[in-house]
Amino acid sequence: MFATLILEDGTVLNGKSFGAEGTSMGEIVFNTSMVGYQEILTDPSYANQIIVMTYPEIGNYGLNDDDFESENPRCKGFIVKNSCENDSHYKSRQNISTYLKKHGIIGIEGLDTRFLTKKIREFGVMNCLITTENVDNDNLSEKMALLNSYKPNRDIVLEVSCPKMQQLNHEGDINLALIDYGCKTGITDSLAKRGCKITVFPADTDAETILAGGFDSVFLSNGPGDPADCTSEIKTLENLIGKMPIFGICLGYQLLSIVLGAKTYKLKYGHRGANHPVLNLLDKKVMMTSQNHGYAVDASSLTKIMEATYKNLNDDTLEGFRSESLKIDAVQFHPEANPGPTDAAVIFDEWVAKMREYKKTPVRKAEEMASL
């Protein structure tokens, strides 16, 4: 079956459908990873987005039962050069087309993904429409009108967050509260194996509920969307900062930066891939990292209470900060991911060691907060 991609700028590309049938709209983004399509498809941070894979052959090792980052895919569509139907791997349980069809995700193959990626890099991310319905000169204007009327769900974090509190790990010497903005399984697994007893809270949980739980630290997960839209989540953090140690990844990092007085902005085409070099500004070591974000923290807007800890060596964007007086550490990239090197996993070792140390002394309410 044929399928069509229509970009916001009027570009129309035709390909072949695999996966579900129908019509879907979202923000088109690209990912440069050569492997990991199962983890990418099930990363909740891709909610509201249609993913273009730059690597041409996708699906060759199928999908297994061990590498899902969430129960269901949250993206709006999936675009590849070639979808492999004859997957080959001893752990594979289904091919990618079957998986997408099962979860109602439209896939398109046979497009010039190199052309598409270059267009996104030149003009920036934009909204798009993908459809398995017939598109011709008679109805193209209708499809464009539909695309132009598209508005993303600004409460997308609440859509991907867990619906109620749940305990994921019952054993460990660190009693950790994790606020779920769209958390990847890799994050909770990384924390659990380092001795964290994890209680997961929905994104709209208030600070009072967490403060009453007797937790040692708070962890803020990754998630989709514009951090500035997360008004209730920001309010919760305003009431937690200075009262408990807090650690954050991706969206959690962005929300912490806003609460501490910094500014965020949208990147032209984002960082999405498994090969981003990041420099540790404290020890000058470089690590290869996996990333998935469309927003960044403006390094020039950091307040006195914040110290930059990492930067991206591709474009010098800020990738981490800490506030020692408030016992806050956060990074933009994903230390739980394994893009080949496991360099970044040390961050979890360092953070959990800090959590244990922080148990010995209460957080001091920093007077500096008043002068931000």
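Residues numbered from 1 in each chain as written. Predicted model: local features only at pLDDT ≥ 70, side-chain atom pairs only at ≥ 80, totals over all residues. Heavy atoms only, no water.

Peer 1: When you look at the overall build of the chain in this model, what are you seeing that I'm missing?
Peer 2: Summing up its helical and strand segments, the chain has 10 helices and 19 strands in all. By the compact-globule yardstick of 21 Å for 372 residues, the chain fits well, its C-alpha radius of gyration being 21 Å. Each of the three principal axes of the chain carries a C-alpha extent, and together these read 65 × 45 × 40 Å. For the chain, with 372 residues in total, the buried portion stands at 57%. Within the chain, contacts between residues separated by at least 24 positions form 75% of all contacts whose residues are at least 6 apart in sequence. With an accessible surface of roughly 16,100 Å², the chain has 47% of that area assigned to carbon and sulfur atoms. Averaging the locations of the 38 positively and 50 negatively charged side chains of the chain gives two centres separated by 3 Å. (Helix = DSSP H or I, 4+ residues; strand = E, 2+ residues; numbered from the N terminus. Rg over C-alpha atoms; globule rule 2.2 N^0.38 Å. Buried < 20%, exposed > 50% of the residue type's maximum accessible area, 1.4 Å probe, protein only. Contact = heavy atoms within 4.5 Å. Areas by Shrake-Rupley, 256 points an atom, 1.4 Å probe, with all protein chains shown as cover. Lys, Arg positive; Asp, Glu negative; His and termini not counted. Charge placed at Lys NZ, Arg CZ, Asp CG, Glu CD.)

Peer 1: Help me understand the sheet that holds strand β15 (residues 264-280), please; the structure alone is not making it clear to me.
Peer 2: With mixed pairing, 10 strands are arranged side by side in an open sheet as β10-β12-β11-β13-β14-β19-β18-β17-β15-β16. Two strands lie at the open edges of the sheet, namely β10 (166-167) and β16 (286-297), each paired on one side alone. Against the sheet, helix α6 (residues 185-192) contacts β11 (174-180), β12 (196-202), β13 (217-220) and β14 (246-249), and its axis sits at roughly 150 degrees relative to β12. (Pairing = 2+ DSSP bridges. Axes fitted to C-alpha atoms, helices over the stretch in contact; angles between N-to-C directions.)

Peer 1: Is there a simple way to explain the environment of R154 in this structure?
Peer 2: Within the secondary structure layout, R154 lies in the loop between α4 (140-148) and α5 (156-160). Overall, R154 belongs to the exposed group, its relative accessible area being 56%. Separated by 144 residues in sequence, R154 and G10 place their C-alpha atoms 25 Å apart. Polar contacts involving the side chain of R154 include one to the side chain of D229, which spans 3.1 Å. (Polar contact = N/O pair within 3.5 Å; in protein donor to acceptor, adjacent residues only side chain to side chain.)

Peer 1: Could you clarify how one ought to interpret empty space enclosed by the protein in this entry?
Peer 2: Space left empty within the atom packing is revealed by a probe, the size of a water molecule, rolled over the atoms. Per the stated rule, a full pass over the model turns up one cavity of 30 Å³ or more. Considering only enclosed or pocket space, the largest cavity measures out at about 30 Å³ in volume. Residues that form the lining of the largest cavity fall into these classes: six nonpolar, four polar and one charged. (1 Å grid on protein atoms, 1.4 Å probe; cavity = no way out; pocket = protein on both sides within 12 Å on 5 of 7 lines; lining within 4 Å. Points joined across faces, edges and corners; volume = space filled by probe spheres on them. Nonpolar A, V, L, I, M, F, W, Y, C, P; charged D, E, K, R; others polar.)

Peer 1: Would you take a moment to explain a nonpolar patch on the surface for this structure?
Peer 2: Residues M34, V35 and Y55 make up a contiguous nonpolar surface patch of roughly 290 Å² in combined accessible area. Here M34 is to be found in the loop between β3 (23-31) and α1 (37-41). Residue classification places M34 among the exposed residues on the basis of a relative accessible area of 53%. (Patch = residues over 30% accessible without salt bridge, like charges linked within 9 Å, V, L, I, M, F, W, Y side chains within 5 Å. Salt bridge = Lys/Arg side-chain N within 4 Å of Asp/Glu carboxyl O.)

Peer 1: Would you mind going over the layout of surface pockets with me for this structure?
Peer 2: Taken as a whole, the largest pocket holds about 790 Å³ of empty space. In terms of lining residues, the largest pocket is bounded by 37 residues, among which E39, E69, E336, A337 and N338 are the most central. Counting residues per element, the ones that place at least two in the lining of the largest pocket are α1, α6, β15 and β16. Of the residues in the lining of the largest pocket, the class split is 12 nonpolar, 15 polar and 10 charged. If you add up the space inside the second largest pocket, you get close to 530 Å³. E27, G225, D226, K266 and Y295 are, among the 34 residues lining the second largest pocket, the residues nearest its centre. Elements represented by at least two residues in the lining of the second largest pocket include exactly β9 (126-131), α5, α9 (251-259), β15 and β16. Per-element tally for the lining of the second largest pocket: the top contributor is β15, with five residues. Along the lines of polarity and charge, the residues of the lining of the second largest pocket split into 14 nonpolar, 12 polar and eight charged.

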